[in-house]
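Listed below, chain by chain, are the residues.
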Number of protein chains: 2
Amino acid sequence: MPADHVHEIMQKCYAVRLRRLHRALTSLYDEAFRPYGLRVGQLNLLVGIACHDSVRPADLARALNMDKSTLSRDLEILNAKGWVLSLPGEDARSQHLHVTDSGLKLIETITPVWRMAQEKAAELMGEEGTRAIFTAADRL
Amino acid sequence: MPADHVHEIMQKCYAVRLRRLHRALTSLYDEAFRPYGLRVGQLNLLVGIACHDSVRPADLARALNMDKSTLSRDLEILNAKGWVLSLPGEDARSQHLHVTDSGLKLIETITPVWRMAQEKAAELMGEEGTRAIFTAADRL
DNA sequence: TACATAATGTTGTATATACAACCAATTTAC
DNA sequence: GTAAATTGGTTGTATATACAACATTATGTA
């Protein structure tokens, strides 16, 4: 009975739920950030880099569960926008990533906007939902 | 102090966590489905369509929090693979979507693989995490 | 030391995602 | 009953995502 399988998957699949949540939250933050030409995924990378004085792309990709090729292309954009600077590292293969002054200023500007988006997101997902996102993600 | 903002965002942002979770889970399911030429997002659509005898793209997109243009392009692929059939509806604008026999057979084949992926996902996110995904997503 | 192996980053290809702009058709308003 | 607004779907453009293959550079081993 394929119909049984269909309903089982539809109702129980974690990926189905997570994808919907991901689309909804990304929309919410992106919409708030739009006037600043920034997307939430880009802010994600920006703060990921800014957390350290200097990060190598390979390490950042590992920390974010992201493929190195994805990061490579995301960084192209952040470089082009002038928010991130890629400098050669000691190791002739690797690089060092830095957030520029312009990037830091953007983070400062966006923070209150981000806080409002956070509130909307919390309202959307509920108290329990928000806590849960954390507990689930922390296990990675 | 931009550094304070950086850490605040890094530690508290729901979108940051959710994006990591999304990447991790998508990888997990996609890897399991790879031998079948199917991705978890495609299974998502397939069961979404199969749930009803006939759905219109606009309604499906709404139900999944998905833009109509995204769905339009996803459906192109499912049509090309022969898993979905798009037929004209009564309304001269809209369409009716149907899962083909080939698509139903694929769902049947993939179900045990999906169940194993579900178990791995549950292990990854923990008891609380899985419950949370549901409570958060159900509020949309 | 030379050769195999691993690590780093980029590029080709495919899919997923959304916004804006558009065309066609339908519904609403006046 | 026609004009305006809405709805449904596609297309142009940009970003996000990953796998496979590749070139370059370390690292390890024989």
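These numbers come from a predicted model, not from an experiment.

Let's talk about the packing of helix H6 (residues 101–138) of chain A against helix H6 (residues 101–138) of chain B
For step 1, the next point in the chain: Packing of H6(A) against H6(B) brings their axes to within 8 Å, and their N-to-C directions diverge by 145°. As for how H6(A) packs across H6(B), the hand of that crossing is left-handed. On the side of H6(A), the interface is formed by A:Met125, A:Glu128, A:Gly129, A:Ala132, A:Thr135 and A:Ala136, while H6(B) contributes B:Met125, B:Glu128, B:Gly129, B:Arg131, B:Ala132, B:Thr135 and B:Ala136.
For step 2, the next point in the chain: Of the residues belonging to the contact of H6(A) with H6(B), the class tally is 6 nonpolar, 4 polar and 3 charged.

Regarding the relation of the copies chain B and chain A
Each copy of the chain is related to the other by a rotation around an axis and a translation along that axis.
For step 1, the next point in the chain: It takes a turn of 180° to lay chain B on chain A, together with a shift of 0.0 Å along the axis; the resulting RMSD is 0.1 Å. What we have between these two chains is a two-fold relation. Taking C-alpha positions as reference, the residue of chain B nearest the rotation axis is B:Ala132, located at 2.4 Å.
For step 2, the next point in the chain: When the interface residues of chain B are mapped onto chain A, 98% of them again fall at the interface, so both copies present the same face.

As for the packing of aromatic side chains
For step 1, the next point in the chain: Counting across every chain of the model gives 4 aromatic pairs over all chains.
For step 2, the next point in the chain: Ring centres 6.2 Å apart and planes at 70° place the aromatic pair A:Tyr29 and A:Phe33 in the edge-to-face group. Residue A:Tyr29 and its partner A:Phe33 are located together in helix H2 (residues 14–33), separated by 4 residues, close to a single helical turn.
For step 3, the next point in the chain: Assessed through its relative accessible area of 0%, A:Tyr29 is described here as buried.
For step 4, the next point in the chain: Among the residues examined, A:Phe33 registers a relative accessible area of 0% and is labelled buried.
For step 5, the next point in the chain: Consider the rings of A:Phe134 and B:Tyr14, whose centres lie 5.8 Å apart with planes at 85°: the pair is edge-to-face. A residue pair is termed interchain when its members come from two chains, as with A:Phe134 in helix H6 and B:Tyr14 in helix H2 (residues 14–33). The same class applies to A:Phe134 and to B:Tyr14, which are both buried.

Let's talk about the protein's contact with DNA strand C
For step 1, the next point in the chain: Near DNA strand C, the surroundings consist of 27 residues, among which A:Ala58, A:Lys68, A:Ser72, A:Arg73 and B:Ser69 are the closest.
For step 2, the next point in the chain: The sugar-phosphate backbone supplies 64% of the atoms of DNA strand C found within 4 Å of the protein.
For step 3, the next point in the chain: Going through the elements one at a time, H2, helix H4 (57–63) and helix H5 (68–80) of chain A together with helix H5 (68–80) of chain B are the ones with two or more residues in the surface near DNA strand C.
For step 4, the next point in the chain: At 5 residues, H5(B) tops the list of elements feeding residues into the surface near DNA strand C.
For step 5, the next point in the chain: A per-class count over the surface near DNA strand C returns 5 nonpolar, 8 polar and 14 charged.

Thresholds applied
Residues numbered from 1 in each chain as written. Chains lettered and ligands numbered in written order. Predicted model: local features only at pLDDT ≥ 70, side-chain atom pairs only at ≥ 80, totals over all residues. Heavy atoms only, no water. Axes fitted to C-alpha atoms, helices over the stretch in contact; angles between N-to-C directions. Helix = DSSP H or I, 4+ residues; strand = E, 2+ residues; numbered from the N terminus. Left-handed = near helix turned anticlockwise from the far one by under 90°. Contact = heavy atoms within 4.5 Å. Nonpolar A, V, L, I, M, F, W, Y, C, P; charged D, E, K, R; others polar. Least-squares fit on C-alpha atoms with pLDDT ≥ 70 in both. Phe/Tyr/Trp six-rings, centres within 6.5 Å; stacked < 30°, edge-to-face > 60°. Buried < 20%, exposed > 50% of the residue type's maximum accessible area, 1.4 Å probe, protein only. Near = heavy atom within 4 Å.

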